[in-house]
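So you can see what is in the structure, the chains are spelled out below.
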Amino acid sequence: MRFDRSSEYLARAKRIIPVQSQTFSKGWRYFPKGVSPVYVEMGIGPNVYDVDGHCFIDYILGLAPITLGYNYPRVNEAIIKQLEKGILFSLPSPLELELAELLVDIIPCAEMVRFTKTGSEATSAAVKAARAYTGRDMIACCGYHGWHDWYSIITDAFKGIPKSYGDLIYKFEYNDLSTLDYIFKTRPHQIAAVIMEPVNNQPPRDGFLEKVKEMTHRNGAVLIFDEIVTGFRWSLGGAQEFFHVTPDMATFGKGIANGMPLNAVVGKRDIMNEFEWGNNVFFSSTFGGECLSLAAGIATIKEMRDRKTIQHCWKMGQELMDGLNSLGIETVGYPCRPSIVRPFLPKEKALLIQEYIKRGILIHPAFLINICYSHTEEDIDRTIEAMGVALYNVEKATSSGDWSVLEGEIMDSPPFRRS
Ligand SMILES: Cc1ncc(COP(=O)(O)O)c(C=O)c1O
């Protein structure tokens, strides 16, 4: 496998595009160098085609937004139909209303809805509403919530943000209520919101989500579930529906429009009303009501509902987890979004990735696996087979000490560590 075009584009990008990618996690630094695709030009169903003409079964799926599959007919048709009418208008489109009504129908906490383009905007807006509603400034968080200053001050990539922002946000640990309790006790009456990813790859233990909700409300704060990943993967109504814990507000994004840039802030009427005219909360964006994404969102949600696509993803994910576990590649998490946890040394990891890429499989080096409705049993079987050979080659190199099979260069460490 040669990646000449990818290498040529990368060399050009290094001259004019800092980081050479618009998203850290899509950058070439994560992959073993010289043996991985850098640029992709097309996607069909569960597959992507790189600029050198290779086809991969894709488990990155644009970092999760592709829930149905690339080039998905019902969504494409909706986009094309809307394109013929127009992309963006001078007044709101009824599509805003139609999609908002759909979301209110399916998401337990959604009484009102606003749209944004990115997840970072959505979480920022939710936090802003909570601050306005409570008259408090501080935030407790658990998970990743985007690149905006209020949150990214607590990551390694904190430069460029006023230092004082760091005094307004505190991190607690998933499944460890005492860490949230500590934040509330040491900052009484100052926490506006608890924002958290409701689940990641460890299940909530001992009623963790219920207890977080109770503690948040007892302390007069707003509970926000960041469902940008969990939404439309755990269940149609999000993790809040799956776990039967309804927050005050939630953010949804990846998965809402099968790859079109659309996110939503939803929540209880009294808090969402903070965004209402005259309440002095600034939340306004030229592209917030862009119509191709809204049309794609309506088509995506209807397709997920009509065809029960989420159940299919759980089934495919379970088969993949079972297959990988039987090979000795340990997976954890939920079948709708499993992850590989077996510890690999950097050299082993680079060889494993090199070997599965050679066999037409694209899994993100962070080893989080996204499944879409277009993945078939045949794709899953091919993936398990390819992973088996890749693992065998890693184990052979480890036991023999012969690493000449590693053709690529070991990856750099990630450009930032999530807090
Ligand atoms: C849970 C969560 N929240 C927020 C974001 C930020 O979304 P965006 O990258 O669209 O700004 C992400 C992105 O990965 C995310 O995973």
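Since the model is a prediction, treat every value here as computed from it, not as a measurement. (Residues numbered from 1 in each chain as written. Predicted model: local features only at pLDDT ≥ 70, side-chain atom pairs only at ≥ 80, totals over all residues. Heavy atoms only, no water.)

A separate point is the overall build of the chain. Looking only at helices and strands, one finds 13 helices and 13 strands in the chain. For 419 residues, the compact-globule formula gives about 22 Å, and the C-alpha radius of gyration of the chain, at 22 Å, lands near that figure. Counting every position in the chain, which comprises 419 residues, the buried fraction comes to 54%. Excluding contacts between residues fewer than 6 apart, the proportion of contacts in the chain whose partners are at least 24 apart in sequence is 73%. Total accessible area on the chain stands at roughly 19,000 Å², and carbon and sulfur atoms take up 53% of it. (Helix = DSSP H or I, 4+ residues; strand = E, 2+ residues; numbered from the N terminus. Rg over C-alpha atoms; globule rule 2.2 N^0.38 Å. Buried < 20%, exposed > 50% of the residue type's maximum accessible area, 1.4 Å probe, protein only. Contact = heavy atoms within 4.5 Å. Areas by Shrake-Rupley, 256 points an atom, 1.4 Å probe, with all protein chains shown as cover.)

Another aspect to go through is the domain arrangement of the chain. Looking at the chain, the domain boundaries give domain 1 (4-70 + 308-400) and domain 2 (88-289). Here the C-alpha centroids of domain 1 and domain 2 sit 29 Å apart. Of the residues lining the interface, 17 residues belong to domain 1; the matching set on domain 2 comes to 17 residues. Taken over both partners, the interface formed by domain 1 and domain 2 buries close to 1,600 Å², and the fraction arising from carbon and sulfur atoms is 57%. Per-residue buried area on domain 1 facing domain 2 is highest for I310, Y334 and R337; these three make up 37% of the total on that side. (Domains from an automatic or database assignment. Buried area = accessible area lost by both parts, 1.4 Å probe.)

The strand order across the open sheet built from four strands is β1-β2-β3-β13, with neighbouring strands paired in mixed fashion. Since the sheet does not close on itself, it has two edges, and those belong to β1 (40-44) and β13 (361-362), each with one partner. Relative to strand β3 (residues 55-58), strand β2 (residues 47-50) runs antiparallel, the two being bridged by three bridges. Following the sheet pairing, N47 is matched in β3 by I57. (Pairing = 2+ DSSP bridges.)

We now examine the site of the ligand. Around the ligand, a shell composed of twelve residues is seen, among which G119, S120, Y144, D226 and K254 lie nearest. With respect to the ligand, the side chain of D226 contributes an N or O atom lying 2.7 Å from a nitrogen atom. A distance of 2.9 Å is found between an oxygen atom of the ligand and a side-chain nitrogen or oxygen belonging to K254. Coverage of the ligand by the protein amounts to 83% of the 390 Å² it exposes when considered alone. (Near = heavy atom within 4 Å. Polar contact = N/O pair within 3.5 Å; in protein donor to acceptor, adjacent residues only side chain to side chain.)

Once that is clear, we can look at empty space enclosed by the protein. Scanning all chains against the criterion turns up one cavity of 30 Å³ or more. Space inside the largest cavity adds up to approximately 50 Å³. In this structure, the largest cavity is lined by T67, F232, R233, M304, T309, I310, C313, C336 and I371. Examining the composition of the lining of the largest cavity, we find that three residues originate from one element, helix α11 (residues 309-327), more than from any other. Residue composition of the lining of the largest cavity, by class: six nonpolar, two polar and one charged. (1 Å grid on protein atoms, 1.4 Å probe; cavity = no way out; pocket = protein on both sides within 12 Å on 5 of 7 lines; lining within 4 Å. Points joined across faces, edges and corners; volume = space filled by probe spheres on them. Nonpolar A, V, L, I, M, F, W, Y, C, P; charged D, E, K, R; others polar.)

Under the counting rule described, the total for this entry stands at 17 salt bridges. Across the pair E8 and R12 runs a salt bridge whose closest N-O atoms are separated by 3.7 Å. With E8 and R12 both in helix α1 (residues 4-16), this residue pair falls four residues apart, about one helical turn. Among the salt bridges present, the one from E98 reaches K302, with a minimum N-O distance of 3.3 Å. Of the two residues, E98 sits in helix α3 (residues 94-106) while K302 sits in helix α10 (residues 291-307), which places them 204 residues apart along the sequence. Shared partners join several salt bridges into a network, and the residues in it are R74, E303, R305, D306 and R307. (Salt bridge = Lys/Arg side-chain N within 4 Å of Asp/Glu carboxyl O.)

Moving on, we come to helix α13 (residues 377-400). Counted at 1.5 Å a residue, the expected span for α13 with its 24 residues is 34 Å, and the 35 Å between its end C-alpha atoms agrees. Considered for burial, the residues of α13 that qualify are D379, I380, T383, I384, A386, M387, G388, A390, L391, N393, V394 and A397. Those residues of α13 that are buried lie in contact with β3, α11, β12 (339-340), α12 (346-358) and β13. With its phi angle positive at about 75 degrees, G401 sits one or two positions after the end of α13. (Expected span 1.5 Å × (residues − 1).)

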